[in-house]
Amino acid sequence: MVAVAENPVTGPGKGLDMLELEITGKCQLTCTHCLTESSPGADHGMMTEADWRSVIIDAASLGISKVQIIGGEPTVHPHWAEFVELALSLGREVEIYSNLYRVRDPWWPLFQREGVTLGTSYYSDRADEHDRVTGRSGSYLRTRANIRRALERGIELRVGMVEVLPGQRVAEGRAELEAMGVRRIKVDRVRAVGRAMLPGQAPSLGELCGHCTHGRAAVLPNGDLAGCVLSRDFPVGNVRERPLAELLWSTEWDRLVERIPLPRRKGAVCGVCGVCQPNDSEGCDPSNEACDPTD
């Protein structure tokens, strides 16, 4: 058993509650707004199985309480379930963020394990509109069916919705999810990252919701450490070259933290700008405006 450290802001984990592990770029879908430009033709990246295992062990030793297994579509990685099992064995909570396009029967018991939660994306209550976003005919029916199966099994599920198309039926899609029994739903705008960037548009920290680095970090398929998967264009180093703890305590990480504005929460006090507090969701929340920590 790995010795687990405490996780105060001044401790080894640098105040992180969650580490996002983007274990692959491969996916069955080709979503028009994909932040990773994932597709069926993408690969798993440069991180080996041993590399990912080392990162998970390091995260546990730093006291980071939760890891998110994400992609691409994480379940197409040959060792994704082993990564989940390892994290659980180290006392970590795990979220698996899947498109739920294909769920094999042996996976359901793992999704039902104590300490595991499931996340997915949904775009509309209409199959044609949903499939237009994902680029895959039949994705709406498959995802919807697997959402129902997850709920029937009592699996803790959250759903993220992104407004991609003009006039997209997001409100109707949300109502459909609520009618099925989904209780955790977040709606976000498209962030100009990956495929969502317009021609000639440069990566910008202004596209972030403000939660990157504040309680979370991400390791990308090439080993880069970023503030979150959306801040992928602003890495601070690579875990294949330097240990996770060293990167978190580097000047590069501190500089990135200083560049990202904190999220604004009405009526709350964060001790920095007087109106901020961490968001309890695992995704961006556009209702939380960013504020300048120097204000």
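For the protein, the name recorded in an unreviewed UniProt entry is Radical SAM protein, with Streptomyces rimosus subsp. rimosus as its organism.

Where helix H4 (residues 127-134) meets helix H5 (residues 139-152), the axes come as close as 8 Å, and the angle between the chain directions of the two elements is 100°. Between H4 and H5, the crossing angle belongs to the class labelled roughly perpendicular. Residues Ala 127, His 130, Asp 131 and Thr 134 of H4 form the contact with H5, whose participating residues are Ser 139, Tyr 140 and Thr 143. Partitioned by chemical class, the residues of the contact of H4 with H5 number two nonpolar, four polar and one charged.

Here Trp 253 shows up in helix H8 (residues 251-259). You can call Trp 253 buried: its relative accessible area is 2%. On a C-alpha basis, the gap between Trp 253 and Leu 225 in space is 9.0 Å, while along the polypeptide they are 28 residues apart. Setting aside chain neighbours within four positions, we find Trp 253 in contact with Lys 14, Leu 16, Thr 213, Arg 216, Ala 217, Leu 225, Ala 226, Gly 227, Val 236, Leu 247 and Leu 248.

With that settled, the discussion passes to the side chain of Ser 139. When you line up the elements, Ser 139 lands in helix H5. Looking at Ser 139, its side chain comes within polar contact range of the side chain of Thr 134, at 2.6 Å. For Ser 139, the side chain forms a polar contact with the main-chain oxygen of Arg 136, separated by 3.0 Å. Ignoring anything within four residues of it in the chain, the contact list for Ser 139 reads Leu 29, Tyr 101, His 130, Asp 131 and Thr 134.

Attention now goes to unusual backbone geometry. Cis geometry marks the peptide bond from Gly 71 to Gly 72, where omega comes out at 25°. Its identity is not glycine, yet Leu 100 carries a phi of approximately 55°, on the positive side. Inspection of the secondary structure puts Leu 100 in the loop between strand E3 (93-97) and helix H3 (108-111). When its relative accessible area of 0% is taken as the criterion, Leu 100 is described as buried. We note that Thr 213 has phi near 75°; this positive angle belongs to a residue other than glycine. For Thr 213, the location among the structural elements is in the loop between strand E6 (184-189) and strand E7 (216-219).

Reading the values: the criteria
Residues numbered from 1 in each chain as written. Predicted model: local features only at pLDDT ≥ 70, side-chain atom pairs only at ≥ 80, totals over all residues. Heavy atoms only, no water. Axes fitted to C-alpha atoms, helices over the stretch in contact; angles between N-to-C directions. Helix = DSSP H or I, 4+ residues; strand = E, 2+ residues; numbered from the N terminus. Parallel < 35°, antiparallel > 145°, perpendicular 65-115°, else oblique. Contact = heavy atoms within 4.5 Å. Nonpolar A, V, L, I, M, F, W, Y, C, P; charged D, E, K, R; others polar. Buried < 20%, exposed > 50% of the residue type's maximum accessible area, 1.4 Å probe, protein only. Polar contact = N/O pair within 3.5 Å; in protein donor to acceptor, adjacent residues only side chain to side chain.

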